[in-house]
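# Geometric and topological summary
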Amino acid sequence: MTPKFTDSGIEINPVYYPPKNPLPSENPGSFPYTRGVQPDMYRGRLWTMRQYAGFSTAEESNKRYHYLLSQGVNGLSVAFDLPTQIGYDSDHPLSEGEVGKVGVAIDTLEDMEILFDNIKLEDVSTSMTINATGFILLAFYVALAKRQGADLCKITGTIQNDILKEYAARGTYIYPPKPSMRIITDIFEWCGKELPKWNTISISGYHIREAGSTAVQEIAFTLSNGKAYVKAALAKGMDINSFGKRLSFFFNAHNNLFEEVAKFRAARRMWAVMMKELGATDSKAMMLRFHTQTGGSTLTAQQPLNNISRVTIQTMAAVLGGTQSLHTNGYDEALNLPTEEAARTALRTQQIVGFESGIADTADPLAGSYFVESLTSEVEQKAWELIEKIDAMGGSVAAIEQGFIQDEIAKSAYEYQRNIETGEKIIVGVNKFHIKETNNTSGFKIDDSIRAIQTEKLKNIKARRTQQVAEQCLAEISTAAKDGRNLMPLVINAVENCCTLGEISDVLREVFGEYT
């Protein structure tokens, strides 16, 4: 009989039997949270249904947000364009050809105000996928909340703010690791006092998986990064029982249903143990809460409607695995930005699983399955082995600096692609079950006129602001970067006085340098 393996290389038995040692009697909502972070899970409340959106100008993205809210979304998730992510204003020479393309262009507080026009920030949970410039986007959001007269204690949402995975897998970094970690702990510290319901980081395995990692590597590298952030905060004298409650995670959901469920269950168990060992005593500081996005790299340009089936399987994996929040990809995303129809179909997939499938009616429905429990333990064991290797190198930062994590991801990506090309791994419509097809999918593209629109806005804002005040704000950020003061209050003050994202990023480039 030909052996079968999961995508992480774990051999699958033809049949599973009761374990020799009885399964631990564990309740959902109890340490180590293998079975979920809430006792009743989705019977109490369904996961937050988000749709990741952002493109072109703030005005265009605002229209999509209102459409999604009208269709039943209860959480927004903002995509930013590449110049915004790496700290360049839209008029910068390096921004040419990229403004508004893979997300919305946000240069100033006025852009943020337009982005959330007629959306009360007190009434919506917002997730922002932004890292190197995450502190500036958070400053825009806080300044806008203040303009709206919102109570900052009621503002909820998440900022991704995970720079370590940028060095390892994605590449939208600006500053070297040490000052980047300092900015992250500044955010932890400031939010702990001023924005208590905000999740200060979303430690991301999603992009690690998109770069080609296995499920085991995804949780091992992500939890190692999480451990590095916790240690950095502890070194700054922060209370793990306080900041630990505001840490969240972001995982990928792929097509191997049972391995993905096992991955989510194992990750919760491992994080609870890790946080306890690091000194956490508050149960909420040991809970791994996570957002999931269905796997972008699994979507195919061939026979794009097949992607609806893939996204459905991935949605089920995330919900069976106990996610707190979910974004489902549009079936056309291998071809272009999602159209309204594709975004609506993706949202309906979540709603059908939530309201029609019965999956949400009981906590951890696959608990006790001989296969799932065995796979959960095997995924956990292999992930711990990787974490031990990283710890022996001195932790995630050292492992990234030595290229270990990058090399491991590259090897897995190569092996996965090789298996597709040899036919060992079947991708329907790609290397098997072809049809003669013409692409009838409605295209949704962004043209280069967006840069001219944003450039004009920047000119107008700079003409209207008090230049001396803006320059003083930037000088204060530079001084604080050198003397170690928390940057957040000064960055908020700067954006309120019409300083741009690019100007603030450049001031810190001068102090911290750039990572190469």
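What you are looking at is a predicted structure, and each value in this text was computed from that prediction instead of being measured.

Taken together, Ile426, Val428 and Phe433 make up a surface patch of nonpolar side chains, about 270 Å² in accessible area. Its location among the elements puts Val428 in the loop between α16 (404-422) and α17 (449-464). Note on Val428: relative accessible area 36%, which makes it partly exposed.

Moving on, we get to the nonpolar core. With 140 residues, the main nonpolar core has Phe116, Met128 and Ile504 as its most contacted residues. When neighbours within four sequence positions are excluded, Phe116 is seen to be in contact with Asn62, Leu76, Val78, Leu121, Thr126, Tyr141, Leu144 and Gln148.

As a further point, take unusual backbone geometry. Of note, the bond from Phe31 into Pro32 is cis; its omega dihedral lies within 30 degrees of zero at 5°. Mapped onto the secondary structure, Pro32 falls in the loop between β2 (11-12) and β3 (48-53). A positive phi angle, close to 65°, is found at Tyr33, a residue other than glycine. Here Tyr33 shows up in the loop between β2 and β3. Residue class for Tyr33 comes out buried when judged on its relative accessible area of 3%.

For the rest of this paragraph, the subject is the pairing of strand β10 (residues 290-294). In terms of residue burial, β10 counts as a mostly covered element, since five of its five residues are buried. Every second residue of β10 is oriented toward a common face, with Phe290, Thr292 and Thr294 on one face and His291 and Gln293 on the other, all of them buried. Pairing geometry for strand β9 (residues 247-253) and β10, over five bridges, is parallel. Within β10, the position partnered with Asn252 by the bridge is Gln293. Sheet analysis places β10 next to strand β11 (residues 325-327), joined by three bridges and oriented parallel. The residue of β11 that forms the bridge with Thr292 is Leu326.

Looking now at the environment of Ile426. Within the secondary structure, Ile426 is located in the loop between α16 and α17. Here Ile426 falls in the partly exposed class, since its relative accessible area comes to 43%. Expressed as a C-alpha distance, the spacing of Ile426 and Gly237, which sit 189 residues apart in the sequence, is 51 Å. The residues contacting Ile426, other than those within four sequence positions of it, are Asn431, Lys432 and Phe433.

Burial analysis of strand β4 (residues 75-79) places five of its five residues in the buried class, the great majority of the element. The alternating pattern of β4 places Gly75, Ser77 and Ala79 and Leu76 and Val78 on opposite faces, both of which are buried. Here β3 pairs with β4 via four bridges, running parallel. Note on β4: the bridge partner recorded for Tyr52 is Ser77.

The next thing to look at is the environment of Phe290. Mapped onto the fold, Phe290 is located in strand β10. Residues Phe290 and Phe251 lie 39 residues apart in sequence; the distance between their C-alpha atoms is 7.0 Å. Sequence-distant contacts of Phe290, defined by excluding residues within four places in its chain, comprise Phe249, Phe251, Phe264, Arg268, Gly321, Gly322, Thr323, Gln324 and Ser325.

Next up on the list: the pattern of salt bridges. For the structure shown, the criterion picks out 29 salt bridges. In this structure, the salt-bridge partner of Asp111 is Lys457, at a minimum N-O distance of 3.4 Å. Here Asp111 is found in helix α3 (residues 109-115), whereas its partner Lys457 is found in helix α17, with 346 residues between them in sequence. In this structure, the salt-bridge partner of Asp483 is Arg485, at a minimum N-O distance of 3.0 Å. Given a relative accessible area of 45%, Asp483 falls into the partly exposed group. Residue class for Arg485 comes out partly exposed when judged on its relative accessible area of 42%. Linked through salt bridges whose partners overlap, the residues forming this network are Arg35, Arg265, Asp364 and Glu373.

Strands sit in the order β7-β6-β5-β4-β3-β11-β10-β9-β8 across an open sheet of nine strands; the sheet is parallel. Every interior strand has two partners, whereas the edge strands, β7 (198-199) and β8 (201-204), have only one. With three bridges connecting them, β3 and β11 associate as parallel partners. For Met49, the partnering residue across the bridge sits in β11 and is Leu326. Sitting on the sheet, helix α1 (residues 58-70) touches β3 and β4, and the angle it makes with β4 is about 150°. Sitting on the sheet, helix α10 (residues 257-277) touches β9 and β10, and the angle it makes with β9 is about 160°.

The next subject is the packing of helix α18 (residues 467-483) against helix α20 (residues 501-512). Their axes nearest at 9 Å, the elements α18 and α20 cross at an angle of 35°. Here the hand of the crossing between α18 and α20 comes out right-handed. Residues Leu474, Ile477, Ser478, Ala481 and Lys482 of α18 pack against Glu503, Ile504, Val507, Leu508, Val511 and Phe512 of α20. Residue composition of the contact of α18 with α20, grouped by class: eight nonpolar, one polar and two charged.

In this section: helix α14 (residues 370-393). Each turn of an α-helix holds 3.6 residues, which means side chains three or four residues apart point in the same direction. Its 24 residues give α14 an end-to-end C-alpha distance of 35 Å, which sits within 8% of 34 Å, the value for a rise of 1.5 Å per residue. Where α14 is concerned, the buried positions are Phe371, Val372, Glu373, Leu375, Thr376, Val379, Glu380, Ala383, Leu386, Ile387 and Ile390. The inward-facing, buried residues of α14 abut β2, α8 (215-235), α10, α15 (396-401) and α16. One or two positions beyond α14, positive phi appears at Gly394, with a value near 110°.

What follows deals with the packing of aromatic side chains. Scanning the model with the defined rule gives 18 aromatic pairs in all. Each ring, one from Phe249 and one from Phe251, has its centre 6.0 Å from the other, and the planes form 10°; the classification is stacked. Per residue, the accessibility class of Phe249 equals that of Phe251, and both read buried. Members of the aromatic cluster, joined through ring pairs, are Phe249, Phe251, Phe264, Trp271 and Phe290. One Lys or Arg, Lys276, reaches over the ring of Phe31 and ends 4.6 Å from the middle of that ring.

What counts and how
- Residues numbered from 1 in each chain as written.
- Predicted model: local features only at pLDDT ≥ 70, side-chain atom pairs only at ≥ 80, totals over all residues.
- Heavy atoms only, no water.
- Patch = residues over 30% accessible without salt bridge, like charges linked within 9 Å, V, L, I, M, F, W, Y side chains within 5 Å.
- Areas by Shrake-Rupley, 256 points an atom, 1.4 Å probe, with all protein chains shown as cover.
- Salt bridge = Lys/Arg side-chain N within 4 Å of Asp/Glu carboxyl O.
- Helix = DSSP H or I, 4+ residues; strand = E, 2+ residues; numbered from the N terminus.
- Buried < 20%, exposed > 50% of the residue type's maximum accessible area, 1.4 Å probe, protein only.
- Core = buried A, V, L, I, M, F, W, Y, C linked by side-chain atoms within 4.5 Å.
- Contact = heavy atoms within 4.5 Å.
- Pairing = 2+ DSSP bridges.
- Axes fitted to C-alpha atoms, helices over the stretch in contact; angles between N-to-C directions.
- Left-handed = near helix turned anticlockwise from the far one by under 90°.
- Nonpolar A, V, L, I, M, F, W, Y, C, P; charged D, E, K, R; others polar.
- Expected span 1.5 Å × (residues − 1).
- Phe/Tyr/Trp six-rings, centres within 6.5 Å; stacked < 30°, edge-to-face > 60°.
- Lys NZ or Arg CZ within 6 Å of the ring centre and 35° of its normal.

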